[in-house]
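Observations on the three-dimensional arrangement
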Amino acid sequence: MRHVVSRTVKVRAAAAAVLSLAVTVMGCAQGTNMNTRGERYVRLVLAMGQHDADYVDAYYGPPEWRKEVDARKRPLAEITADAGALATDIAGAAPPASADELTRLRHEYLARQLEALRARAAMLTGMRLTFDEESKALYDAVAPTHTEAEFGTVLAALEAKLPGAGPLVDRYDEFRKNFIIPKDRLDAVFTAAIDGCRSRTLEHIQLPPGESFTVEYVTGKSWSGYNWYQGDYRSLIQVNTDLPIYIDRAIDLACHEGYPGHHVYNVLLEKNLVRDRGWVEFSVYPLFSPQSLIAEGTANFGIDVAFPRTDRLEFERRVLFPAAQLKSELAAGYYEVLDLAEQLSYAGNEAARRYLNGQIDARAAADWLERYGLYSRPRAEQRVRFIDQYRSYVINYNLGKDMVAAHVEARGGTPDNPDKRWEEFARLISSPRLPSGLTQRAR
Ligand SMILES: [Zn+2]
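In this report, the structure presented in the accompanying data block is examined. Computed from a prediction, not measured in an experiment: that's the story for all the values here.

Each helix and strand counted, the chain has 19 helices and five strands in total. Radius of gyration (C-alpha) of the chain: 22 Å, near the 22 Å computed for a compact globule of 443 residues. Seen along its three principal axes, the alpha-carbon backbone of the chain occupies a region of about 70 × 50 × 45 Å. The burial tally for the chain puts 53% of its 443 residues in the buried class.

Written out as structure tokens, the structure is:
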């Protein structure tokens, strides 16, 4: 306990030193005023957390700000009014055209994050939005629509791969039973997967000394994994063991939650923006905001960056299948089926859109997930609980990944140019870029 306290104090002192140095060096009102606005924003996000338990995903700024906010629960109307005043102030303080890119991004980012905060506050006071209006307001993006016929084409291809009687979802579930990680092997498999993800990431991205995370196994959650960033370059990663965990989830979770996903993303924001520049607004992470599309999109795209398909198959066969005591010779066939099933991921968005727009009820949403997304019944029900809790957040995973991939590839980070791919990926996760500011796919 003592140790933790002294470390926190040291870090805060260091951050304060960096902050005052940054202000002195810049020697202009622009930077100072933006830091004041950043602080006002942090306090508003923390105040929102008192009305919405899921809102503040991470906070590692000055602890006394949280204490001050906690001392009095501010009404939503007051938070909204303050957010409006701050937005007006920010709009009137645009940086000059000569400012560097990061400074301009900082400004646009803060303005847009604040817009999302006001939208979430309005939702908490009863404002009703459609699925697409909500995702636009909160995540700065709208997911494309897909028809049953489009999923039908993929399902037909899977029928051919998994022939037999009965519903396809049952055959798919039966097939996957050969790839469940036995419970007593979980930790060994995850440890091996994390090692693989970390070593590949460190070849391309320099991380500050002392970064690390702890893994915990939990139950009774609507999600399958979660990264709780603690600050000081540390994360707590929780893995939900309510349902069987398949072997492919080891690399997915290790990359997504850890390297080069959420853990690395948060570490780089803390290092580059909060500590080096003193941009305090990045010490808080409001979950229902555009930042989440970038966070989830990069975490998912990071899996492919760290493990291109051939490399991944080799690692699965040589390391993970043996660690899980599964048959390595089945790995290639398993991934052929998974590649097809992944093309059904947007079925999850369609189920959420129909359900949240009130066109279908929870049961019909689970039916839809079963039929078009090949979710087993317990998984479909878990997913509906996730949609109840996080709503249009679902788009951040697949649309986020596709938008991030398009951005990185449009800048030359194509699969045949792995160094450039890592470089553009690292640049994106070290900067405050908004979803609408991502480069579109080059035609
Ligand atoms: Zn995530």
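Let us look at helix H15 (residues 346-356). Across the 11 residues that make up H15, a large majority, 11, are buried. The set of residues buried in H15 consists of Tyr346, Ala347, Gly348, Asn349, Glu350, Ala351, Ala352, Arg353, Arg354, Tyr355 and Leu356. Each element contacted by the buried residues of H15 is listed here: helix H6 (131-139), helix H7 (148-161), helix H16 (362-373), helix H17 (377-390) and helix H18 (395-410). Taken from the residues just after H15, Gly358 is the one with a positive phi, measuring 80 degrees.

Below, the discussion takes up unusual backbone geometry. The amide bond that connects Tyr259 to the next residue, Pro260, takes the cis arrangement and shows omega of 0 degrees. Examined against the element boundaries, Pro260 turns out to sit in the loop between helix H10 (248-258) and helix H11 (262-275). Here Gln325, not a glycine, exhibits a phi torsion of approximately 55 degrees, which is positive. Tracing the backbone shows Gln325 in the loop between helix H13 (309-323) and helix H14 (331-342).

Moving on to the side chain of Thr298. Tracing the sequence through the fold places Thr298 in helix H12 (residues 290-306). Using a relative accessible area of 1% as the deciding quantity, one classes Thr298 as buried. Filtering out sequence-adjacent residues up to four positions away, Thr298 remains in contact with Leu293, Val404, Phe425, Leu428 and Ile429.

The subject of this paragraph is the packing of aromatic side chains. Applying the stated criterion to the full structure yields 24 aromatic pairs. Seen from their ring centres, Phe179 and Phe321 are 6.2 Å apart, and the 65 degrees between their planes marks the pair as edge-to-face. With Phe179 in the loop between helix H8 (168-176) and helix H9 (186-202) and Phe321 in helix H13, this pair connects stretches of sequence that are 142 residues apart. According to the relative accessible area criterion, Phe321 is buried, its value standing at 0%. Judged by centre distance (6.0 Å) and plane angle (50 degrees), the ring pair of Tyr390 and Tyr393 falls under tilted. Taking relative accessible area as the criterion, Tyr390 reaches 4% and is therefore assigned buried.

Examined against the element boundaries, Asp70 turns out to sit in helix H3 (residues 63-70). For the pair Asp70 and Gly49, spaced 21 residues apart in sequence, the C-alpha separation works out to 9.5 Å.

In spatial order, the strands read E2-E4-E3; together these three strands make up an open sheet with mixed pairing. Looking at the sheet topology across the chains shown, the edges are occupied by strand E2 (212-218) and strand E3 (225-231). Shown here is a sheet whose adjacent strand axes are inclined to one another by a mean of 20 degrees, direction ignored. When E3 meets strand E4 (residues 234-240), the two strands line up antiparallel, connected through six bridges. Looking at E4, one finds that Asn227 is bridged to Ile237. Together, E2 and E4 form the strand contacts of H9, whose direction differs from that of E2 by roughly 150 degrees. Running at roughly 20 degrees to E3, H11 makes contact with E2, E3 and E4 of the sheet.

The next point concerns the coordination of the zinc ion. The protein atoms that coordinate the zinc ion are His256 (NE2), His262 (NE2) and Glu296 (OE), at distances of 2.1 Å. Overall, His256 belongs to the buried group, its relative accessible area being 8%.

A word on the pattern of salt bridges. This structure, assessed with the given rule, holds 42 salt bridges. Between Arg37 and Asp89 there is a salt bridge, with the nearest N and O atoms lying 3.1 Å from each other. Of this pair, Arg37 sits in helix H2 (residues 29-48) while Asp89 sits in helix H4 (residues 76-91), placing them 52 residues apart in sequence. According to the relative accessible area criterion, Asp89 is partly exposed, its value standing at 28%. A salt bridge links Arg72 to Glu78; its shortest N-O distance comes to 2.7 Å. One continuous salt-bridge network, built from bridges that share partners, spans Asp132, Glu148, Glu350, Arg353 and Arg354.

Procedures and definitions
The residue count restarts for each chain, going from 1 along the sequence in the order it is written. Only residues with pLDDT of at least 70 get local features here, since the model is predicted, and only at 80 or more are side-chain atom pairs given and counted; chain-wide, interface and lining totals rely on the full set of residues. Side-chain measures here rest on the full set of heavy atoms in the structure, leaving out hydrogens and waters. Secondary structure counts use DSSP, requiring at least four H or I residues in a row for a helix and at least two E residues in a row for a strand, with both numbered from the N terminus. All radius of gyration figures rest on C-alpha atoms, and the globule criterion is 2.2 Å times the number of residues raised to 0.38. Residue exposure (1.4 Å probe, protein chains only): buried if accessible area is under 20% of the type maximum, exposed if over 50%, otherwise partly exposed. The contact criterion used throughout is that any non-hydrogen atoms of two residues lie within 4.5 Å. For this analysis, a ring pair means two rings from Phe, Tyr or Trp (six-membered ring only for Trp) whose centres lie within 6.5 Å, classed as stacked if their planes differ by under 30 degrees, edge-to-face if by over 60, and tilted for the remaining angles. Paired strands, as defined in this entry, are two strands with at least two bridges between them according to DSSP. The angle between two axes is taken between their N-to-C directions and runs from 0 to 180 degrees, where each axis is a line fitted to C-alpha atoms and a helix contributes only its stretch in contact. Any N, O or S atom lying within 2.8 Å of the metal counts as a donor, with the limit raised to 3.2 Å for Na, K and Ca; because water is left out of the atom set, some sites can appear incomplete. Should a side-chain nitrogen of Lys or Arg be within 4 Å of a carboxyl oxygen of Asp or Glu, the pair is scored as a salt bridge.

Just distances and angles here, no functional claims.
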